[in-house]
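Working through the structure, step by step
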Amino acid sequence: MSESSDGHYRRCVAPYYARLGSRLGYAMLLSRTRHFGWYEPGESPWRFTLAMRRMEVIAARKLALPPGSRVLDAGCGVGDVARTVARVTGAEVTGVDGIASDIAIARRRSADAPGGGGRTRFLSADYHELPFPDASFDGLYTMESFVHSADPKRALAEFHRVLRPRGRLGMLEYSSTPEGRLTPAAYTVLRRVCELSAMPAMLMLTHGRLEQLLDDAGFAVESVQDATPNVLPMLRAFSVLGSVPYGLARAVGHGDALVNAMSGVEMYRHQETWRYHIYVATKR
Ligand SMILES: C[S@@+](CC[C@H](N)C(=O)[O-])C[C@H]1O[C@@H](n2cnc3c(N)ncnc32)[C@H](O)[C@@H]1O
């Protein structure tokens, strides 16, 4: 692994998820799953679990792989996405994540789960240096984990290596609006959220940039769907929940301490700074 990506994970990503605020917030609101849900127009923003499962089913269908396919979840967290993908597609899903305690939870949940649990396995690993031989997988996806990469080219090269020829890649990730198209105030907020949430790739991946990087890495981009309107209701709910604690923390000069509340409030207020996309590509 390059020193920069390994060092960044240990210094920034792992501590971000280990923070009490992060752990409590994700545990209380999302049962430790950590991704946006998909909402249809007019739906209640508060039905987080329903919306998250729907997003996972969409991710699974986008991969369009037959039963028995070998699939890698790069940045799997507690494994809920992997279980849904296994259940919906009939694939064998391997999840990797850098947080050992999440891997333990993922294994426990799979052991207890009906359906897709038996076709999942989980291990601690960094997706910049995957412990698998070349061409080990028919499919690979990231669910809001690639934005944490300090070395996106290296990660894409690794994804390319472990996929078989014509293997399919799905990425559900945020991109950012270039600095020149934002007010200084909006760009300052975007940069601060990316810094505090350990998401350097989100700043690097301005709209359209991931498509170029995928092409350079040897992938043919098949589709890019802008799902921003479908995830926005969940962010609105986070913004409502975060506004009082963040407002109070800010009033005493500690707004940065409540990173998740801050992200909810500021990213909802500055919707012009980001988009949420679902990318599908094939290894050339
Ligand atoms: C927003 S969470 C998403 C977790 C999971 N995909 C989900 O949807 O619930 C991002 C995850 O990516 C993991 N991650 C970030 N960088 C990673 C890396 N270089 N290698 C492995 N996992 C990584 C984090 O540890 C975290 O669990």
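Here, the structure is the one placed above.
The paragraphs below set out a description of the structure included in this document. Given the structure is predicted, the values throughout are model-derived calculations rather than measurements. (Residues numbered from 1 in each chain as written. Predicted model: local features only at pLDDT ≥ 70, side-chain atom pairs only at ≥ 80, totals over all residues. Heavy atoms only, no water.)

Packing of helix α3 (residues 48-63) against helix α10 (residues 228-251) brings their axes to within 11 Å, and their N-to-C directions diverge by 145 degrees. Considering how the two elements wind past one another, α3 and α10 form a crossing that is left-handed. Mapping the contact onto sequence places F48, M52 and M55 in α3 and V231, M234, A237 and F238 in α10. A breakdown of the residues in the contact of α3 with α10 according to their chemical character gives 7 nonpolar, no polar and no charged. (Axes fitted to C-alpha atoms, helices over the stretch in contact; angles between N-to-C directions. Helix = DSSP H or I, 4+ residues; strand = E, 2+ residues; numbered from the N terminus. Left-handed = near helix turned anticlockwise from the far one by under 90°. Contact = heavy atoms within 4.5 Å. Nonpolar A, V, L, I, M, F, W, Y, C, P; charged D, E, K, R; others polar.)

Inspection of every chain in the model, using the stated rule, returns 11 aromatic pairs. Their ring planes at 35 degrees and their centres at 6.3 Å tell us that Y17 and Y26 sit as a pair that is tilted. In this pair, the class of Y17 matches that of Y26, namely buried. Judged by centre distance (5.8 Å) and plane angle (65 degrees), the ring pair of Y127 and F159 falls under edge-to-face. Of this pair, Y127 sits in the loop between β3 (120-124) and β4 (137-143) while F159 sits in helix α6 (residues 152-162); the two residues are 32 residues apart in sequence, bridging distant segments of the chain. In this pair, the class of Y127 matches that of F159, namely buried. Three or more aromatic residues joined by ring pairs form one cluster here, namely F36, W46, F48, Y174, F238 and Y276. Over the ring of Y17 we find R34; its NZ or CZ atom is 4.5 Å from the centre of that ring. (Phe/Tyr/Trp six-rings, centres within 6.5 Å; stacked < 30°, edge-to-face > 60°. Buried < 20%, exposed > 50% of the residue type's maximum accessible area, 1.4 Å probe, protein only. Lys NZ or Arg CZ within 6 Å of the ring centre and 35° of its normal.)

This paragraph deals with α10. The largest bend in α10 amounts to roughly 45 degrees and is located at G242, with the proline P245 lying one to four residues further along. The first or second residue beyond α10 is G253, which carries a positive phi of 80 degrees. (Bend = angle between axes of the 7 residues up to and from the residue.)

Our focus in this paragraph is a nonpolar patch on the surface. Taken together, the side chains of L20, L24, M28, L29, W46, V240 and L241 present a nonpolar region at the surface, about 700 Å² in accessible area. Residue contributions to the nonpolar patch peak at 4 residues, all from helix α2 (residues 20-30). Here L241 is to be found in helix α10. (Patch = residues over 30% accessible without salt bridge, like charges linked within 9 Å, V, L, I, M, F, W, Y side chains within 5 Å. Areas by Shrake-Rupley, 256 points an atom, 1.4 Å probe, with all protein chains shown as cover. Salt bridge = Lys/Arg side-chain N within 4 Å of Asp/Glu carboxyl O.)

All chains considered together, the criterion is met by 17 salt bridges. Between R161 and E158 there is a salt bridge, with its nearest N and O atoms 2.9 Å apart. Pair noted here: R161 and E158 are both in helix α6, with a separation of 3 residues, about one helical turn.

What follows deals with the sheet that holds strand β7 (residues 274-283). On the basis of which strands lie adjacent, the open sheet formed by 7 strands has the order β3-β2-β1-β4-β5-β7-β6 and mixed pairing. For this open sheet the edge positions go to β3 and β6 (219-226), each flanked by a neighbour on one side alone. Strand-to-strand, the axes of this sheet are offset by a mean angle of 20 degrees, without reference to chain direction. Across 6 bridges, the pairing between β4 and strand β5 (residues 163-176) is parallel. If you follow Y141 over to β5, its bridge partner there is G170. Sheet contacts for helix α5 (residues 100-112): β2 (92-97) and β3; angle to β3, the most-contacted strand, approximately 165 degrees. Those strands touched by α6 are β1 (70-74), β4, β5, β6 and β7, and its axis lies near 150 degrees from that of β5. (Pairing = 2+ DSSP bridges.)

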